[in-house]
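# Descriptive analysis of the structure
The lines below spell out each chain.
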Amino acid sequence: MSTALLAYQAGLLLRSQRWLAPVVLYAASLGIGVQGGQPVLDSLGYAAACLLPVGAWLVRICVSNEPPAARSCTAAAAGPRRAHLASLVTGFLATVAVGTVATAVVALISDSASTDHRVKLAMPPAAWAGFLAMLGCALVGAAVGAVTSRPVVRSTGIGVASMLLCALLALVAPGSPARAAVSALITGSQDGVIRVPLLPLAGAAALAAACATAACRLASRR
């Protein structure tokens with residue numbers, strides 16, 4: 001996968017302006033659920049959890065941005081696997097960009113304390129834990145977007161419904177890396193201890209890699 005493919009997909013995403021809907025929805029959810037002075041780990045956990053469906057949505061947008069004729073030309077020039085992988089990576093990178101800004105803003109306006117405000121927490125490690133949790137949720141969101149979009153699911157209606165259902169399950173199902181990452185922040189805030197979600201991040205990366213590989217292989221066959 002070349003930088004030219006990523007730049008091409010990024011240009012398509014920006015010019016389409018379809019990214020506005022998920023980004024505005026994410027900003028609205030943060031505006032409702034995050035207030036200044038709240039415990040930092042709780043707020044970062046909420047921001048990471050809300051990012052997951054946004055990530056799935058952005059990946060779905062990137063996968064479906066190209067007209068069929070342009071998609072065929074890209075696949076012929078770069079190969080269907082590389083072309084499809086570029087769209088998945090572009091959606092993931094867009095999610096990380098949005099999530100990084102959100103993590104920084106939430107960390108700046110939040111109180112560096114535990115849930116009961118009795119234990120002071122160091123802000124840099126707390127923000128780092130929140131950033132890693134955000135990465136984990138972005139990876140799981142990318143995995144959800146990869147398996148609920150073309151070419152795995154061709155129907156728009158079924159794809160959107162399955163995307164929403166899978167995103168919900170990824171946040172609440174036991175064993176989900178996204179749930180584990182968010183839970184690490186929430187329980188850490190309750191206990192007054194910063195827990196860095198490295199294991200959930202590794203699980204999210206493995207899940208995203210598996211889903212992307214399966215989607216790219218299917219793209220090469222169709």
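First, a word on what this report is: a plain description of the structure on this page. Small disclaimer: the values here were computed from a predicted structure and weren't measured. (Residues numbered from 1 in each chain as written. Predicted model: local features only at pLDDT ≥ 70, side-chain atom pairs only at ≥ 80, totals over all residues. Heavy atoms only, no water.)

### Side note on the overall build of the protein chain
- Tallying secondary structure elements over the protein chain gives nine helices and zero strands in all.
- Judged by the C-alpha coordinates and their principal axes, the protein chain covers about 60 × 35 × 30 Å.
- For the protein chain, buried positions account for 48% of its 222 residues.
- The contacts in the protein chain between residues at least 6 apart in sequence include a share of 82% that link residues at least 24 apart.
- For the protein chain, the accessible area works out to roughly 10,100 Å², and carbon and sulfur atoms hold 70% of it.
- Side chains of the protein chain give 15 positive and 5 negative charges; the mean places of these two sets differ by 24 Å. (Helix = DSSP H or I, 4+ residues; strand = E, 2+ residues; numbered from the N terminus. Buried < 20%, exposed > 50% of the residue type's maximum accessible area, 1.4 Å probe, protein only. Contact = heavy atoms within 4.5 Å. Areas by Shrake-Rupley, 256 points an atom, 1.4 Å probe, with all protein chains shown as cover. Lys, Arg positive; Asp, Glu negative; His and termini not counted. Charge placed at Lys NZ, Arg CZ, Asp CG, Glu CD.)

### A closer look at a nonpolar patch on the surface
- Taken together, the side chains of Val101, Val105, Leu108 and Ile109 present a nonpolar region at the surface, about 390 Å² in accessible area.
- Taking the relative accessible area as the measure of exposure, Ile109 reaches 39% and is therefore partly exposed. (Patch = residues over 30% accessible without salt bridge, like charges linked within 9 Å, V, L, I, M, F, W, Y side chains within 5 Å. Salt bridge = Lys/Arg side-chain N within 4 Å of Asp/Glu carboxyl O.)

### Structural notes on the pattern of salt bridges
- With the rule as written, the count across this model stands at two salt bridges.
- In this structure, the salt-bridge partner of Lys120 is Asp111, at a minimum N-O distance of 3.4 Å.
- With relative accessibility at 61%, the residue Lys120 sits in the exposed group.

### Re the nonpolar core
- Ranked by internal contacts, the top residues of the largest apolar core, which has 56 residues, are Tyr26, Leu51, Leu52, Leu88 and Val140.
- For this core, the elements supplying multiple residues, two or more each, are α2 (20–33), α3 (40–64), α5 (80–109), α6 (123–147), α7 (156–172), α8 (177–191) and α9 (198–221).
- Ranked by residue count, the leading element in this core is α3, at 16 residues. (Core = buried A, V, L, I, M, F, W, Y, C linked by side-chain atoms within 4.5 Å.)

### Considerations on the packing of α6 against α8
- Contact geometry of α6 with α8 gives a least axis separation of 8 Å together with a crossing angle of 160°. Between α6 and α8, the interaxial angle falls into the category roughly antiparallel. For the element pair α6 and α8, the recorded crossing hand is left-handed. Contacts between α6 and α8 involve Ala129, Gly130, Ala133, Cys137 and Val140 from the first element and Pro177, Ala178, Ala181, Val182 and Leu185 from the second. (Axes fitted to C-alpha atoms, helices over the stretch in contact; angles between N-to-C directions. Parallel < 35°, antiparallel > 145°, perpendicular 65-115°, else oblique. Left-handed = near helix turned anticlockwise from the far one by under 90°.)

### What to know about the side chain of Ser114
- Mapping Ser114 onto the fold places it in the loop between α5 and α6.
- Within the structure, Ser114 has its side chain in polar contact with the side chain of Asp116 (distance 2.6 Å).
- In contact with Ser114, not counting residues within four places along its chain, are Pro39, Val119, Leu121, Ser189 and Gly192. (Polar contact = N/O pair within 3.5 Å; in protein donor to acceptor, adjacent residues only side chain to side chain.)

### Describing the environment of Cys73
- Within the secondary structure layout, Cys73 lies in helix α4 (residues 68–78).
- Judged by relative accessible area, Cys73 falls into the exposed class, the value being 54%.

### Remarks on the packing of α3 against α6
- In contact at an axis separation of 7 Å, α3 and α6 are set at 25° when each is read in the N-to-C sense. Classified by the angle their axes make, α3 and α6 are roughly parallel. Every pair of crossing elements has a handedness; the one defined by α3 and α6 is right-handed.
- The residue inventory of the contact of α3 with α6, partitioned by class, reads 20 nonpolar, four polar and no charged. (Nonpolar A, V, L, I, M, F, W, Y, C, P; charged D, E, K, R; others polar.)

### Here's the deal with unusual backbone geometry
- Geometrically, the link from Arg150 to Pro151 is a cis peptide bond, its omega value of 0° lying close to zero.
- Within the secondary structure, Pro151 sits in the loop between α6 and α7.
- In the Ramachandran plot, Gln17 falls in the positive-phi region, its phi being about 60° despite a non-glycine side chain.
- Position of Gln17 among the secondary structure elements: in the loop between α1 (3–16) and α2.
- If you check the backbone angles, His117 has positive phi at about 65° while not being a glycine.
- Checked against the element boundaries, His117 lands in the loop between α5 and α6.
- Accessibility expressed as a relative area gives 43% for His117, which makes it partly exposed.

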